[in-house]
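Given next are the chains, with one letter for each unit.
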Amino acid sequence: MQTIDMYPPYILQMYGVYDTHANKMEVSAEQVEQAVVEFYQDPVAKSGLNAWLMQAQHSRHSWTFAWPLLDPSKPEEVQFFAGNTIYMKVSRYWHEVPKEEYEPLKMKILSLIAQYSRSKVILNRLVKSLGAYVIHTIQLDWTTAIQDIITMFDPGTVSGIDPSVALNLLFSILTIIPEELETMQEAMSINSKDKQVITGAVRNSHQAVLSLISQVMQAGQVSNVIKEVVLKTLNAWLKLSLPLSETRDLLVALIPYSNYALLCEPVMDALRTAVTDVGTYNIPNTVMEFVTQMLRLAPILEEAQRASDENTASLIYSLFTSVVECHSRLLLQCALQAEHQATVVQVVALLLQCAATPGQYPTDETTSNIPFAVWFTIQDDIMTFEGEQQAELLQLFQPVYLKLVDTFIQKSLLPAEDALTSEEQEMFRCYRQDICDTYMYAYYVLRGEMLSHLEVHLKDAVVKMQSNPSDWRYLEAVLHAYSSVAETVAETDNFYVPRFIQSIPQIPFSDNIQLISVALTTLGAYADWLNYHQDHMHHVIPLMVEGLVNASLVGAASQALRDLTLECPLTISPFSQPILTSCQRALEQSRLESAETERIMTIISRVLSVGKDQPTIMTYLNDTLTPYISRLSHLKDLMGNGISRDQHNELVSLLKLLSCLARHLNLNNSTVEEDDDDDGTTRRHSQVVSGEPQPLLLVLQQLMPLLSDIAAKATTDQEIIEALCKLLKNSISTLVDDCVAILPAILEIIPQLYEASLNPAILDLVKQLVILFGRDGNQENNMGVLLRMVTATTLNRASADLWSHTDAIHGCLMLLSASFKKTPNLIVSHHNHITPLFHLGVEALKLPEEGTVRAAGQFLASFINLSRDPNVGCLQPVVAHNTETLVRTLMFCICNSPRHSLTSFSDVLSALCKMYGDDLARTFKTVQADETFLSPRVNAQQKEDFAKKVLKNRGSKRRILEAVTDLALIGRGLAGTDYGAQTRGFH
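Residues numbered from 1 in each chain as written. Predicted model: local features only at pLDDT ≥ 70, side-chain atom pairs only at ≥ 80, totals over all residues. Heavy atoms only, no water.

A. Spotlight on helix H25 (residues 513–525). For H25, with 13 residues, the first-to-last C-alpha span of 18 Å sits near the 18 Å given by 1.5 Å per residue. Among the residues making up H25, those that are buried are Leu515, Ile516, Ser517, Val518, Ala519, Leu520, Thr522, Leu523 and Gly524. Where H25 is buried, its residues touch helix H22 (448–467), helix H23 (473–484), helix H24 (496–503), helix H26 (527–531), helix H27 (537–548) and helix H28 (554–567). By the N-cap criterion, in which a side-chain oxygen at the helix start approaches the backbone nitrogen of a residue two or three places on, H25 is capped by asparagine 512, the distance to glutamine 514 being 3.2 Å. (Helix = DSSP H or I, 4+ residues; strand = E, 2+ residues; numbered from the N terminus. Expected span 1.5 Å × (residues − 1). Buried < 20%, exposed > 50% of the residue type's maximum accessible area, 1.4 Å probe, protein only. Contact = heavy atoms within 4.5 Å. Polar contact = N/O pair within 3.5 Å; in protein donor to acceptor, adjacent residues only side chain to side chain.)

What follows is the structure in structure tokens.
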């Protein structure tokens, strides 16, 4: 058992025993060494030791204690901590180094690098330290750093280090220097302007580095292990955007090295970095000459394929994929020129060859998926050309895409059953989805030619299956291709698609369940086309109807028929009787999954909604729903004594089933829309033309007592509450004003649920009701009572612990924002929680969830904007009395919250500027005078500048957002950095 007196004093400080801060005390090397050793040995004290060590590492004393700890006699973990400390100090705390100490510091680092030249882990920290040193000094103090380092570690002259070790060390240092440039803004706090100068200073030495690289790569006595390091150095320097005109000869000379397994990847990396650099966009001729030279990789690729060297083949294919993705438009322009067309064709042929890699993906090969994105890029760029140029490109690339279709039909063939593991099956599923997407890109290039091509495949596949019914995978792959382009084919296609639709019933499926399922799914994908070609319905309905009553096919059939009824609400009507009969048989005879039952209920609801009289509908619904409602009632009775998990899930499924009915059973064929609200609620009258009530209303009137009982017994069951709210919400959306008949029951359910659970689904339901009935003279008072209940409950339950109730706060603020916009009368006449709600909105700005902060911003902006309306006088005093609290909160959040919340803060400030400009100006002066607020990150002058920007641009939301972003960067210490510049431009 460890006691507090067992720890040395420097550890006890972490637990509050001593008040001395690490920056205010002497930290010795011995104390640090002991702490590091204990950190690795004592898991109990690990967390506290880590905090103390980090504190010590950041203190000024670390310049003193780090060097002794690098003694070779110290434990390796102590040496590593010391090396890491030196790197951190040189990179982040350069301002602590006096100018006269620059040279001694450099010599210490260089000496240690030589000393630890064979200790890879610690050497890495020291080399990075030297890299950071170079970054800080190359601009003014050590301008010859790169050349000096090359001279210092020249294997032929350096003493005390083995030549091969020296060479490895030299190139490790030369690699680190450009890599450190990538992290200099954040790690070293170097601003954007200085970074450009420093980068230029480093880049100015590139010729010496390239010359050294060329010399070493040509040296026969240098091992491939060293050459691998050299190539990584080259890649690091190429990332400095070196001119391709200067690097091209060296890069071309490296191509033969890709035939060596160890060197292939770094060679490919270097070639890719060079040819895809942004600077190459301005030198198209140089790029094309370089790409032509890169085709010298083709023989190496062929050799790799003969040797079954998939790694080398993948690297080469990936390189050419990157080239096409980066320079697609340039390649297409060159394809129009006789002198370059052969190069472009050869590059594309390589990628087509990659897609056609023999074998089963992903068991036999994992290469064919590499160029998927290329086919979209080429197709998309072809469409940017016009007239004759586009026609010429289409003529050139149509054979490519036709070949691609042939390739993917073969590559998408389903493997034999149990041939893939579960992980491989998922990989193949994703692979097939990528093929599916590529078929769509191919269609945009080929149009009718693709459908004609698929028709040939379809005929061949049918013939093949007729001769051998077990050979059905080819046919399945063709149907998969047809399904992939279903949403893309033109609605006006009256030639190929009709022939395909007509051919489906004629296919000899030989009772192949899997194949029939695919056919059904494919037909469902053409639902939108069928809506415009209803004369072809009779080809597809019989197959779907027959599938519904087959337990093995009901999943695919219900999905296809559901899609058809959703897309073709009117044209499906002549087939309603066989569909309804099959649905009824399916529900009675089959043991269905809940998703299948929901789809069938959707089909029933859609079919009943067109061309049926109310008595017929009610008779069918009575027969269909009675078993489900009886079962629901039985489960309700069991709830009092506790139900099993299976019974609970069944109850939720039944509520979801009824929710499908509520969403889709709608006889209102002559809807008159008044306006669409932001939340999707449409104001309309839903009574049917005959004057009779909606069948859904009749069902719900019988159902509401049962739903009320379920609600009373499930006040804290989140799944049941959400399913019940979805059912009620769908019912209201369908019935709209006519749901008044069931409104009293709904208004009884909501309070008992919300007071017990604070479930946000209830708030969505309340918002729908408030928007729908908040201006209805007969229901306005009820809506006011409902709104008061929700807000009072939210305040009572959530205000004390906002972080535990962010969903409820989010939903409540969204509800109030909608009420401000649509039903402000409820705020004026029926609300008595104005001030606490304003405070809730202000506090919600501090929460971490993006959605909740956005809701708070919308609420506060709406509150402020509405407060100046003379008809809503109760809001203005609240804003006036709390302006300073709001401004302080906004400025604090701007400096401390995630970037994605800045727009919300800006919106609130914009509303304050617009409505309370004078008050805001006075508040800013008060905040500026408070020296402790936002210090030390933001000083008084910066707060004043922020205030001026905001007040000056009160009419421009964009300008205020820029001011907010600038303050956020200052608060984070990122002002002036490249990262900050990028952030400022991204909103």
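B. Seen up close, the packing of aromatic side chains. Taken as a whole, this structure holds 21 aromatic pairs when the rule is applied. Each ring, one from tyrosine 133 and one from tryptophan 142, has its centre 5.9 Å from the other, and the planes form 70°; the classification is edge-to-face. Judged by centre distance (5.6 Å) and plane angle (50°), the rings of phenylalanine 500 and tyrosine 526 are tilted. With phenylalanine 500 in helix H24 and tyrosine 526 in the loop between H25 and H26, the pair connects residues that are 26 residues apart, well separated along the chain. Take phenylalanine 500 and tyrosine 526: they sit in the same class, and that class is buried. (Phe/Tyr/Trp six-rings, centres within 6.5 Å; stacked < 30°, edge-to-face > 60°.)

C. Representation of the packing of helix H40 (residues 834–844) against helix H41 (residues 850–867) in the model. In the contact formed by H40 and H41, the axes pass within 8 Å of each other and the chain directions differ by 140°. One way to sum up the angle between H40 and H41 is to call them oblique. Seen along the crossing, H40 lies across H41 with a hand that is left-handed. Packed against H40, whose contacting residues are Ile834, Leu837, Phe838, Gly841, Val842 and Ala844, the element H41 presents Val853, Ala856, Phe859, Leu860 and Phe863 at the interface. Here the contact of H40 with H41 is built from residues that sort into 10 nonpolar, one polar and no charged. (Axes fitted to C-alpha atoms, helices over the stretch in contact; angles between N-to-C directions. Parallel < 35°, antiparallel > 145°, perpendicular 65-115°, else oblique. Left-handed = near helix turned anticlockwise from the far one by under 90°. Nonpolar A, V, L, I, M, F, W, Y, C, P; charged D, E, K, R; others polar.)

D. Representation of the nonpolar core in the model. One finds Trp375 and Leu564 to be the most contacted residues of the largest nonpolar core, which totals 350 residues. Top element by residues in this core is helix H17 (residues 310–335). It accounts for 13 residues. Excluding anything up to four places from it in sequence, tryptophan 375 contacts Val348, Leu351, Leu352, Val400, Tyr401, Leu404, Phe408, Thr438 and Tyr441. (Core = buried A, V, L, I, M, F, W, Y, C linked by side-chain atoms within 4.5 Å.)

E. Looking closely at a negative patch on the surface. Judged by side-chain charge, Glu487, Glu491, Asp528 and Glu567 come together as a negatively charged surface patch. Note on placement: aspartate 528 falls in helix H26. Note on aspartate 528: relative accessible area 32%, which makes it partly exposed. (Patch = residues over 30% accessible without salt bridge, like charges linked within 9 Å, V, L, I, M, F, W, Y side chains within 5 Å. Areas by Shrake-Rupley, 256 points an atom, 1.4 Å probe, with all protein chains shown as cover. Salt bridge = Lys/Arg side-chain N within 4 Å of Asp/Glu carboxyl O. Lys, Arg positive; Asp, Glu negative; His and termini not counted. Charge placed at Lys NZ, Arg CZ, Asp CG, Glu CD.)

F. View of empty space enclosed by the protein. Counted by the stated rule, this structure contains two cavities of 30 Å³ or more. The space that makes up the largest cavity amounts to roughly 40 Å³. The element best represented in the lining of the largest cavity is H17, accounting for four residues. Grouping the amino acids of the lining of the largest cavity by side-chain chemistry returns seven nonpolar, one polar and no charged. A volume near 30 Å³ is recorded for the second largest cavity. Along its surface, the second largest cavity is lined by Leu816, Phe820, Ile827, Ile834, Leu837, Phe859 and Phe863. (1 Å grid on protein atoms, 1.4 Å probe; cavity = no way out; pocket = protein on both sides within 12 Å on 5 of 7 lines; lining within 4 Å. Points joined across faces, edges and corners; volume = space filled by probe spheres on them.)

G. Up close: the pattern of salt bridges. Considering all chains together, one arrives at 27 salt bridges under this definition. A salt bridge links glutamate 96 to lysine 89, with the shortest nitrogen-to-oxygen separation between them at 3.1 Å. Just as glutamate 96 is buried, lysine 89 falls in that class too. Residues aspartate 930 and arginine 888 are paired through a salt bridge, measuring 3.1 Å at the closest nitrogen-oxygen approach. With aspartate 930 in the loop between helix H45 (917–929) and helix H46 (940–952) and arginine 888 in helix H43 (residues 883–896), the pair connects residues that are 42 residues apart, well separated along the chain. If you follow the salt bridges from partner to partner, you end up with Lys636, Asp637 and Asp709 in one network.

H. Spotlight on the packing of helix H6 (residues 102–115) against helix H7 (residues 120–137). One can describe the packing of H6 onto H7 by two numbers: an axis separation of 9 Å at closest approach and a directional angle of 150°. Considering the angle they form, H6 stands roughly antiparallel to H7. Judged by the sense of rotation from one axis to the other, the crossing of H6 with H7 is left-handed. In contact with Tyr102, Glu103, Leu105, Lys106, Ile109, Leu110, Leu112 and Ile113 of H6, H7 contributes Leu123, Leu126, Val127, Ser129, Leu130, Tyr133 and Thr137. Of the residues belonging to the contact of H6 with H7, the class tally is 11 nonpolar, two polar and two charged.

I. Spotlight on unusual backbone geometry. With an omega of 0°, the peptide bond running from tyrosine 361 to proline 362 counts as cis. Examined against the element boundaries, proline 362 turns out to sit in the loop between helix H18 (338–355) and helix H19 (372–382). A positive phi angle, near 65°, is found at aspartate 418, a position not held by glycine. By the secondary structure assignment, aspartate 418 is in the loop between helix H20 (387–411) and helix H21 (422–446). A positive phi angle, near 55°, is found at leucine 758, a position not held by glycine. We classify leucine 758 as buried; its relative accessible area is 5%.

J. Representation of the environment of tryptophan 529 in the model. Take tryptophan 529: it is sitting in helix H26. Residue tryptophan 529 is classed as buried on the basis of its relative accessible area of 2%. In this structure, the C-alpha to C-alpha distance between tryptophan 529 and proline 498, residues 31 residues apart in sequence, is 9.7 Å.

K. View of the environment of isoleucine 827. Within the fold, isoleucine 827 resides in helix H39 (residues 824–830). You can call isoleucine 827 buried: its relative accessible area is 2%. Through-space distance from the C-alpha of isoleucine 827 to that of leucine 787 is 8.8 Å; in sequence the pair is 40 residues apart. If sequence neighbours within four positions are ignored, isoleucine 827 has contacts with Leu787, Leu816, Ser819, Phe820, Ile834, Cys874 and Leu875.

L. Representation of helix H37 (residues 780–798) within the structure. Here H37 spans 27 Å end to end across 19 residues, near enough to the 27 Å set by a 1.5 Å rise per residue. Listing the buried residues of H37 in full gives Met783, Gly784, Leu786, Leu787, Met789, Val790, Thr791, Ala792, Thr793, Thr794, Leu795 and Ala798.

M. Quick peek at the confidence of the model for the chain. Confidence in the prediction of the chain, expressed as mean pLDDT, is 89, and 93% of residues score 70 or more. Within the model, pLDDT remains below 50 along residues 1–24, and this stretch shows 38 contacts once partners closer than five positions in the same chain are excluded. Per-residue pLDDT stays below 50 along residues 670–687; that stretch engages in 42 contacts with residues further than four places along the chain or on separate chains. (pLDDT = per-residue confidence, 0-100.)

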